[in-house]
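Letter by letter, the chains look like this.
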Amino acid sequence: MEYSTFQGKSFLKEVDFSKEELMYLIDFAAHLKALKQKGIPHAYLQGKNIALLFEKTSTRTRAAFTVACNDLGAHPEFLGAGDIQLGKKESVEDTAKVLGRMFDGIEYRGFSQEAVEDLALYSGVPVWNGLTDRWHPTQMLADFLTIKEHFGKLTGLTLAYVGDGRNNVANSLLVTGAILGVNVHIVAPEALFPEGEIVALAQAYADKSGAELLLTGDVKAGVKGVDILYTDVWVSMGEEDKFAERIEQLLPYQVNMELISATENTEVIFLHCLPAFHDQETTYGKKIAADFGLTEMEVTDEVFRAPLAKQFQQAENRLHTIKAVMAATLGNLFIPRV
Ligand code: CP
Ligand code: NVA
């Protein structure tokens, strides 16, 4: 009898799991979502202690890990940038060795991918990447669960990511789509295409899954016929000095009703990992309006509030998918080898 391939494993980047394992986690998340909706307890991590390390701010990821811990019967402990020594007065290696002796699992959100890899290497407990500058793997499970819920399948669909094509979310979408057999178009100016190394990695997976990948600066060609339009902020956390440059590069790539029409698909859906700049109800939104005369950025308010926009279903799915990853890698569940 083969037992789980998940137990004790970390989730640091999408390629840590096979296509079958990623699909298993997506389907397990759908099951956990149904249990939660029916009020059926699923405290698979009773008595476990989970460290939530956040070097960057977060609403969804922090909330999802916290509620997932509570639903699973585990205790979450938030350790923010101002709370612990990590990287400032104590190395990642030493911090990992300490936390690994106290906690059963560690979530990490921060800048460097190397830090999350070192936490896993030295802590000896499962580590989950809650976003680095390079990858956002837990986001991917929620995104592809949302797509599967909507379309009832993944294989053969086409997703166009429009905007900053070299950020963590774009990298992750390209590679995850390639693994899962979902065609991915990165629609961005050439200066913001993903790095060659990431494109080569994605292409190697696409060759196996049959997914078709396209990198193009031509908005019309890039979005024509797609099933899913996806965008993210033009300026990611840690790059806040780049607003002027990105607005100039990315304004033609704004997801507005004209771009929705250019898909020539009346069934197209819109996704966004959030947070989004779609109005002036934020400090940044107001500042951008004052400095650049731009009232909406990567997506217009009209698209954001249209029935085709599924970003809040997507945000809720962060909870169910993060729960699936924690339960599978840390719980004593019997999961047949996939
Ligand atoms: N999508 C996402 O990761 O949101 P937060 O930054 O709020 O966690
Ligand atoms: N690309 C964004 C994603 C936020 C969830 C960032 O890194 O800020």
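Residues numbered from 1 in each chain as written. Chains lettered and ligands numbered in written order. Predicted model: local features only at pLDDT ≥ 70, side-chain atom pairs only at ≥ 80, totals over all residues. Heavy atoms only, no water.

## Thoughts on the pattern of salt bridges
When their charged atoms lie close together, side chains carrying opposite charge are able to pair. Note the cut-off: Each reported salt bridge corresponds to a side-chain nitrogen of Lys or Arg within 4 Å of a carboxyl oxygen of Asp or Glu. The way it works is that DSSP assigns letters per residue, a run of H or I at least four long becomes a helix, a run of E at least two long becomes a strand, and they are numbered from the N terminus. Buried, partly exposed and exposed residues are distinguished by accessible area as a fraction of the type maximum, computed with a 1.4 Å probe on protein chains only: under 20%, between the cut-offs, and over 50%, respectively.
As enumerated under the stated definition, the model contains 16 salt bridges in all. A salt bridge links aspartate 16 to lysine 13; the shortest N-O distance between them is 3.5 Å. Of the charged contacts, one joins lysine 56 and aspartate 133 as a salt bridge, the two residues approaching to 2.6 Å between their closest N and O atoms. Taken together, the positions of lysine 56 in the loop between β1 (49-54) and α2 (60-72) and aspartate 133 in the loop between β4 (127-129) and α5 (137-151) put the pair 77 residues apart, joining distant regions of the chain. The partly exposed category is assigned to aspartate 133, whose relative accessible area is 42%. Several salt bridges converge on common partners, so that one network encompasses Asp164, Arg166, Glu239 and Arg246.

## Observations concerning α5
Rule in force here: For a helix, the expected span equals 1.5 Å multiplied by the residue count minus one.
With 15 residues, α5 should cover 21 Å at 1.5 Å per step; its first-to-last C-alpha distance of 21 Å lies within 8% of that length. Counting buried positions along α5 yields 11 of 15 residues, so the element is predominantly enclosed. Listing the buried residues of α5 in full gives Pro137, Thr138, Gln139, Met140, Leu141, Ala142, Asp143, Phe144, Leu145, Thr146 and Ile147. Glycine 152 sits one or two positions beyond α5 and adopts a positive phi of about 75 degrees.

## Some points on the sheet that holds strand β9 (residues 269-272)
Going by this rule: A strand pair is defined by DSSP finding two or more bridges across the two strands. Here an angle of 0 to 180 degrees is reported between the N-to-C directions of two axes, which are lines fitted to C-alpha atoms, with helices fitted over the stretch in contact.
On the basis of which strands lie adjacent, the open sheet formed by 5 strands has the order β7-β6-β5-β8-β9 and parallel pairing. Bordering the open sheet on either side are β7 (213-216) and β9, each of which pairs with just one other strand. Neighbouring strand axes in the sheet, compared pairwise and without regard to direction, differ in orientation by 20 degrees on average.

## Quick look at the site of ligand 1
Heads up, the condition is: Residues are labelled near a given molecule or strand when at least one of their non-hydrogen atoms is within 4 Å of it. Under the rule applied, a polar contact is a pair of N or O atoms within 3.5 Å (in protein, one hydrogen donor and one hydrogen acceptor; residues adjacent in sequence only if both atoms are side-chain atoms). Method for areas: the Shrake-Rupley scheme with a 1.4 Å probe, in which residue coverage is limited to the protein chains shown. Lys, Arg, Asp and Glu make up the charged group, whereas Ala, Val, Leu, Ile, Met, Phe, Trp, Tyr, Cys and Pro make up the nonpolar group; the residues left over, Gly among them, are polar.
Lining the immediate surroundings of ligand 1 are Ser58, Thr59, Arg60, Thr61, Arg109, His136, Gln139, Cys273, Leu274 and Arg318. In this structure, an oxygen atom belonging to ligand 1 sits 2.8 Å away from a side-chain N or O atom of arginine 109. Between ligand 1 and the protein, one listed contact pairs a nitrogen atom with a side-chain N or O atom of glutamine 139 at 2.9 Å. Across the complex, the protein chains shield 96% of the 260 Å² of accessible surface that ligand 1 would expose by itself. Looking at the shell around ligand 1 residue by residue, the classes come out as 2 nonpolar, 5 polar and 3 charged.

## Re a negative patch on the surface
Here is the rule we go by: The residues that make up patches have over 30% relative accessible area and no salt bridge, and they are joined within 9 Å when like-charged or within 5 Å when they are Val, Leu, Ile, Met, Phe, Trp or Tyr. Charged residues are defined narrowly, with Lys and Arg counted positive, Asp and Glu counted negative, and His plus the chain ends left uncounted. The location of each charge is read from NZ of Lys, CZ of Arg, CG of Asp or CD of Glu.
On the surface, Glu240, Asp241, Glu245 and Glu248 cluster together into a patch of negative charge. Within the fold, aspartate 241 resides in the loop between β8 (228-231) and α9 (243-250).

## Some words on the UniProt feature "binding site: L-ornithine" (unreviewed entry) in the protein chain
Here is the rule: UniProt positions are given in the numbering used here, feature names are shortened, and annotations may be inferred rather than shown by experiment. Any two residues whose heavy atoms approach within 4.5 Å at even a single point are treated as in contact.
Mapped onto the present numbering, the UniProt feature "binding site: L-ornithine" (unreviewed entry) falls on Asn168, Asp232, Ser236 and Met237. Spatially, the listed residues are clustered: although they cover 70 residues, their C-alpha atoms lie within 11.6 Å of one another. Ignoring anything within four residues of it in the chain, the contact list for serine 236 reads Asn167 and Asn168. Relative to the elements of secondary structure, methionine 237 occurs in the loop between β8 and α9.

## Describing the site of ligand 2
In the region of ligand 2, the neighbouring residues are Leu131, Asn167, Asn168, Asp232, Val233, Ser236, Met237 and Leu274. Between ligand 2 and aspartate 232, the relevant distance is 2.6 Å, taken from a nitrogen atom to a side-chain nitrogen or oxygen of the residue. One nitrogen or oxygen atom from the side chain of serine 236 is found 2.7 Å from a nitrogen atom belonging to ligand 2. Contact with the protein chains hides 94% of the accessible area of ligand 2, taken as 270 Å² for the molecule alone.

## Section: the side chain of histidine 42
Tracing the sequence through the fold places histidine 42 in the loop between α1 (19-38) and β1. Polar contacts involving the side chain of histidine 42 include one to the main-chain carbonyl oxygen of isoleucine 40, which spans 2.9 Å. Filtering out sequence-adjacent residues up to four positions away, histidine 42 remains in contact with Leu32, Leu35, Lys36, Asp71, Leu72 and Lys323.

## Looking at the sheet that holds strand β3 (residues 105-109)
Pairing is parallel across the open sheet formed by 4 strands, whose spatial order is β2-β1-β3-β4. What marks the edges here is a single partner per strand, and that holds for β2 (75-80) and β4. Averaged over neighbouring strand pairs, the angle between their axes works out to 20 degrees when direction is ignored. Taken together, the 3 bridges between β3 and β4 define a ladder with parallel strand orientation. Looking at the pairing, tyrosine 108 lines up with asparagine 129 of β4. Sheet strands touched by helix α4 (residues 113-123): β1, β3 and β4. Its angle to β4, the strand with the most contacts, is close to 170 degrees.

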